Amino acid sequence: DTAVSQTPKYLVTQMGNDKSIKCEQNLGHDTMYWYKQDSKKFLKIMFSYNNKELIINETVPNRFSPKSPDKAHLNLHINSLELGDSAVYFCASSQDEVNEQFFGPGTRLTVL
Amino acid sequence: GENVEQHPSTLSVQEGDSAVIKCTYSDSASNYFPWYKQELGKRPQLIIDIRSNVGEKKDQRIAVTLNKTAKHFSLHITETQPEDSAVYFCAARGYDMRFGAGTRLTVKP
């Protein structure tokens, strides 16, 4: 009974393409997040989102955009992919901003 | 925004010894400080957290201390075991959640 799921698990694509990663949580949480983890294991928040507010990390390029069709889903769209976008992307959710975050299994994105 | 510094970046201990990882933060408004463990190829998972109204919290072999005046908090693992080997991340919640750079802990049997 997966709490936070992501698809796909692996994504290999060419530079310049547009791709999406899907995230779903069945915990009834109000807040969802996207993180990027690079090859050095740095874990950086990209977005946090609840039904009221989207908080964007100022370092995230506008080629990245989160889209939330409903409270249980927060998908990540990436336009014009670049080599430097290669990383593992984690989705997470929490009841609110000051409680435990539950992470998804991660999506390893490789841009060739 | 919040800035979280974590030290050391790598830590190697003998099984049974203690391990200590330290973090500092910059935003005095930060009020929630979780610690996550990430095993190789796996997702980060919460192991312990502490809130700004508490100075210390313990859960079996794991403890966290918080010094709000100095803006630092630490993770203590006692009687380390090989299965404690992983990357550990501290984090601080101010305007948003910021993670430290991680500490790769290796416990040698």
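Residues numbered from 1 in each chain as written. Chains lettered and ligands numbered in written order. Predicted model: local features only at pLDDT ≥ 70, side-chain atom pairs only at ≥ 80, totals over all residues. Heavy atoms only, no water.

Overview of the pattern of salt bridges
All names here are of chain A. Scanning the entire structure with this criterion turns up 7 salt bridges over all chains. Of the charged contacts in the structure, one is a salt bridge between Asp30 and Lys71, with a shortest N-O distance of 3.0 Å. Pair noted here: Asp30 is in the loop between strand 3 (19-25) and strand 4 (31-37) and Lys71 is in the loop between strand 7 (64-67) and strand 8 (75-78), with a separation of 41 residues, a long-range link. What makes Lys71 partly exposed here is its relative accessible area of 43%. (Salt bridge = Lys/Arg side-chain N within 4 Å of Asp/Glu carboxyl O. Helix = DSSP H or I, 4+ residues; strand = E, 2+ residues; numbered from the N terminus. Buried < 20%, exposed > 50% of the residue type's maximum accessible area, 1.4 Å probe, protein only.)

What to know about the interface of chain B and chain A
Each side of the interface is counted separately: chain B has 18 residues, and chain A has 19 residues. In total, about 1,800 Å² of surface goes out of reach between chain B and chain A, with carbon and sulfur atoms giving 54% of it. Sorting the residues of chain B by area buried against chain A places B:Arg43, B:Arg93 and B:Phe99 first, and these three jointly supply 27% of that buried surface. Here chain B is connected to chain A by 5 residue pairs in polar contact (both at pLDDT 80 or more). Elements that contribute at least two residues to the side of chain B that touches chain A include exactly strand 4 (32-38), strand 5 (45-51), strand 9 (86-93) and strand 10 (97-99) of chain B. The residue makeup of the side of chain B that touches chain A, split by class, is 9 nonpolar, 2 polar and 7 charged. (Contact = heavy atoms within 4.5 Å. Buried area = accessible area lost by both parts, 1.4 Å probe. Polar contact = N/O pair within 3.5 Å; in protein donor to acceptor, adjacent residues only side chain to side chain. Nonpolar A, V, L, I, M, F, W, Y, C, P; charged D, E, K, R; others polar.)

Observations regarding the sheet that holds strand 7 of chain A
Residue and element names in this part refer to chain A. Across the sheet, 4 strands lie side by side as 1-3-8-7; this open sheet has antiparallel pairing. One side of each edge strand has no neighbouring strand; the edge strands of this open sheet are strand 1 (4-7) and strand 7. Neighbour-to-neighbour, the strand axes of this sheet turn through a mean angle of 20°, independent of strand direction. Here 4 bridges tie strand 7 to strand 8, and the two strands are oriented antiparallel to one another. Counterpart to Lys67 in the pairing with strand 8 is Asn75. (Pairing = 2+ DSSP bridges. Axes fitted to C-alpha atoms, helices over the stretch in contact; angles between N-to-C directions.)

Details of the packing of aromatic side chains
What the rule picks out here adds up to 13 aromatic pairs over all chains. Between B:Tyr25 and B:Phe33, the aromatic rings sit 4.8 Å apart at their centres with planes inclined by 45°, giving tilted as the arrangement. Cluster of aromatic residues (ring-pair linked, three or more members): A:Tyr33, A:Tyr35, A:Phe90, A:Phe103, B:Tyr36, B:Phe89 and B:Phe99. (Phe/Tyr/Trp six-rings, centres within 6.5 Å; stacked < 30°, edge-to-face > 60°.)

Overview of the nonpolar core
Grouped together as the largest cluster of nonpolar side chains are 23 residues, with contacts concentrated most on B:Tyr25, B:Phe33, B:Trp35, B:Phe73, B:Leu75, B:Tyr88 and B:Leu105. Elements with a minimum of two residues in this core: strand 2 (10-14), strand 3 (19-25), strand 4, strand 5, strand 7 (62-67), strand 8 (72-77), strand 9 and strand 11 (103-108) of chain B. (Core = buried A, V, L, I, M, F, W, Y, C linked by side-chain atoms within 4.5 Å.)

A few points about the state of the cysteines
Residue and element names in this part refer to chain A. Counted under the stated rule, the structure contains 2 disulfides over all chains. Here Cys23 pairs with Cys91 through a disulfide, and the sulfurs are 1.8 Å apart. Given an S-S torsion of about -70°, the disulfide between Cys23 and Cys91 has left-handed geometry. In this pair, Cys23 is assigned in strand 3 and Cys91 in strand 9 (residues 87-94), connecting sequence segments 68 residues apart. (Disulfide = S-S within 2.5 Å.)

Details of the sheet that holds strand 8 of chain B
All names here are of chain B. On the basis of which strands lie adjacent, the open sheet formed by 5 strands has the order 1-3-8-7-6 and antiparallel pairing. The open sheet terminates on both sides in strands that have one partner only, identified here as strand 1 (4-7) and strand 6 (56-59). This sheet shows a mean twist of 15° between the axes of neighbouring strands, independent of strand direction. Inspection of the sheet shows strand 3 paired to strand 8 by 6 bridges, in the antiparallel sense. Paired with Lys22 across the two strands is Ser74, which belongs to strand 8.

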